[in-house]
Amino acid sequence: MSINKNPYLLLTPGPLSTSAAVRNAMLSDWCTWDDDYNVGIITPIRQELLHLASKTSDDYTSVLMQGSGTFSVESVIGSVIPSRGKLLVLVNGAYGARIAQIARCLGIEHVTLDSGETASPDLDKLEQLLLSDGSISHVAIVHNETTTGMLNPLEAVARIVKAANRILIVDAMSSFGGIPMDVSKLGIDVIISSANKCIQGVPGFGFVIIRKSVINACKGHARSLSLDLYEQWDAMEKGKGKWRFTSPTHVVRAFYQALKELREEGGVEARFARYSENHRILVDGMRSLGFSTLLPDQLQSPIITAFNNPVSPRYRFMDFYTGLKERGFVIYPGKVSGADTFRIGTIGHVFPKDFRRLIDAVSEVKQW
């Protein structure tokens with residue numbers, strides 16, 4: 001038995017289009033107590049994530065956490081920062097703002113450095129703030145802000161944060177596995193991502209790659225029972241992959257297959273090259289049809305791109321959306337508060353030929 005072909009491609013930042021093999025991997029049931037699952041699947045996943053994060057260091061460990069990516073972000077914010085800690089959040093989109101919202105809901109002292117939705121973080125202000133406020137213990141940044149497609153300057157931010165001897169938390173939800181990086185060389189202490197992004201699995205759990213010294217210092221900090229990162233990690237360490245609460249077994253098995261496909265493709269570098277080519281074809285094609293991008297090219301990631309909606313009385317986004325969906329493509333509405341946009345993702349089990357077809361479809365739908 002196999003799962004039927006998808007009726008359309010999801011050109012979104014996740015959930016995204018997956019391979020037939022990833023979907024078919026969910027057809028078997030698995031016991032959460034059995035070694036075939038915990039030792040045979042969970043343990044290799046945790047090890048492979050560490051290999052993807054850094055080939056130069058064994059200072060890190062990995063933790064899997066049920067729920068959407070935001071669950072994993074909240075588990076980190078609620079568990080890593082002690083009661084007397086203070087968080088600085090770099091904000092230039094909805095997902096940086098969400099980290100600040102999590103801190104506020106959990107009663108964690110925090111400040112934000114907001115650069116607006118279409119600008120990179122102000123590195124001079126970041127450096128000054130860390131020098132002037134010694135109470136800041138942790139800094140959080142979103143690597144790829146899918147509100148706009150902004151790729152934030154992670155290397156420069158990490159250099160400043162580590163020079164100031166603060167703990168760096170990176171939300172790499174839509175970049176980990178798709179954009180090459182080495183967490184050890186960058187000095188990242190905690191990095192967070194999700195199964196249904198660049199590794200091309202399906203929704204259901206996220207994961208945290210964290211410095212061993214940081215996770216060991218987290219015991220007793222959690223503001224939540226189920227999102228206690230330390231206890232989840234401790235259970236997995238002692239139980240050889242056993243989760244504290246019911247594991248999303250089918251989703252995990254799909255992720256195991258997705259990791260295999262990432263290796264077969266040639267690793268993160270090869271996937272980055274494919275995503276970049278998808279993005280190039282998309283942007284060149286859309287511009288040739290009169291569309292403009294929200295961000296300048298130097299700030300843009302190859303993950304998702306925000307386009308300005310055409311200024312025409314004949315243009316309606318939902319008509320445009322429906323026309324593309326009828327032709328086999330699903331895109332995203334805009335999320336920017338100060339601009340009228342829509343977004344198209346270039347990640348997932350999608351290829352340059354798909355974006356050439358998309359441009360043809362846009363040309364057919366365009367009636368203004």
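Reading the values: the criteria
Residues numbered from 1 in each chain as written. Predicted model: local features only at pLDDT ≥ 70, side-chain atom pairs only at ≥ 80, totals over all residues. Heavy atoms only, no water. Pairing = 2+ DSSP bridges. Helix = DSSP H or I, 4+ residues; strand = E, 2+ residues; numbered from the N terminus. Axes fitted to C-alpha atoms, helices over the stretch in contact; angles between N-to-C directions. Contact = heavy atoms within 4.5 Å. Expected span 1.5 Å × (residues − 1). Buried < 20%, exposed > 50% of the residue type's maximum accessible area, 1.4 Å probe, protein only. Parallel < 35°, antiparallel > 145°, perpendicular 65-115°, else oblique. Left-handed = near helix turned anticlockwise from the far one by under 90°. Phe/Tyr/Trp six-rings, centres within 6.5 Å; stacked < 30°, edge-to-face > 60°. Lys NZ or Arg CZ within 6 Å of the ring centre and 35° of its normal.

Q: Please clarify how the sheet that holds strand E5 (residues 138-142) should be interpreted in this entry.
A: Each strand in a sheet pairs with its neighbour through backbone hydrogen bonds, running either in the same direction (parallel) or in the opposite one (antiparallel). Spatial ordering of the open sheet is given by E2-E10-E9-E8-E5-E3-E4, a layout of seven strands whose pairing is mixed. In this open sheet, the two edge strands, each paired with only one partner strand, are strand E2 (60-66) and strand E4 (110-114). Each strand of the sheet is rotated relative to its neighbour by a mean of 20°, with strand direction disregarded. Relative to strand E10 (residues 205-211), strand E9 (residues 190-194) runs antiparallel, the two sharing five bridges. Opposite Ser-194, over in E10, you have Gly-206 as the bridge partner. Those strands touched by helix H3 (residues 69-80) are E2, strand E3 (87-91), E5, strand E8 (167-171), E9 and E10, and its axis lies near 35° from that of E10. Together, E3, E5 and E8 form the strand contacts of helix H6 (residues 154-163), whose direction differs from that of E8 by roughly 160°.

Q: Sorry if this is basic, but what is going on with H3 here?
A: Side chains that are three or four residues apart share a direction in an α-helix, a result of its 3.6 residues per turn. With twelve residues, H3 should cover 16 Å at 1.5 Å per step; its first-to-last C-alpha distance of 16 Å lies within 8% of that length. Gly-69, Ser-72, Val-73, Ser-75, Val-76, Ile-77, Gly-78, Ser-79 and Val-80 are the residues of H3 that are buried.

Q: Which parts of the structure should I look at to understand the packing of helix H2 (residues 35-53) against helix H10 (residues 249-265)?
A: Packed helix pairs are specified by the crossing angle of their axes together with the interaxial distance, meaning the distance between the axes. Contact geometry of H2 with H10 gives a least axis separation of 10 Å together with a crossing angle of 45°. Considering the angle they form, H2 stands oblique to H10. Note on packing geometry: the crossing formed by H2 with H10 is left-handed. For the pair H2 and H10, the contacting residues are Tyr-37, Gly-40, Ile-41, Ile-42, Pro-44, Ile-45, Glu-48, Leu-49 and Leu-52 in the first and Thr-249, Val-252, Arg-253, Phe-255, Tyr-256, Leu-259, Leu-262 and Arg-263 in the second.

Q: Can you help me understand the packing of aromatic side chains in this one?
A: The geometry of two aromatic rings is summed up by the distance between their centres and the angle between their planes. Per the counting criterion, the structure on display carries 13 aromatic pairs. Their ring planes at 65° and their centres at 5.3 Å tell us that Phe-320 and Phe-342 sit as a pair that is edge-to-face. Separated by 22 residues along the polypeptide, Phe-320 in helix H12 (residues 317-326) and Phe-342 in strand E14 (residues 341-345) bring together distant segments of the chain. What makes Phe-342 buried here is its relative accessible area of 0%. Of note, Lys-242 hangs over the ring of Trp-33, and the distance from its end group to the ring centre comes to 4.3 Å. Just above the ring of Phe-351 sits the side chain of Arg-274; from NZ or CZ to the centre is 4.6 Å.

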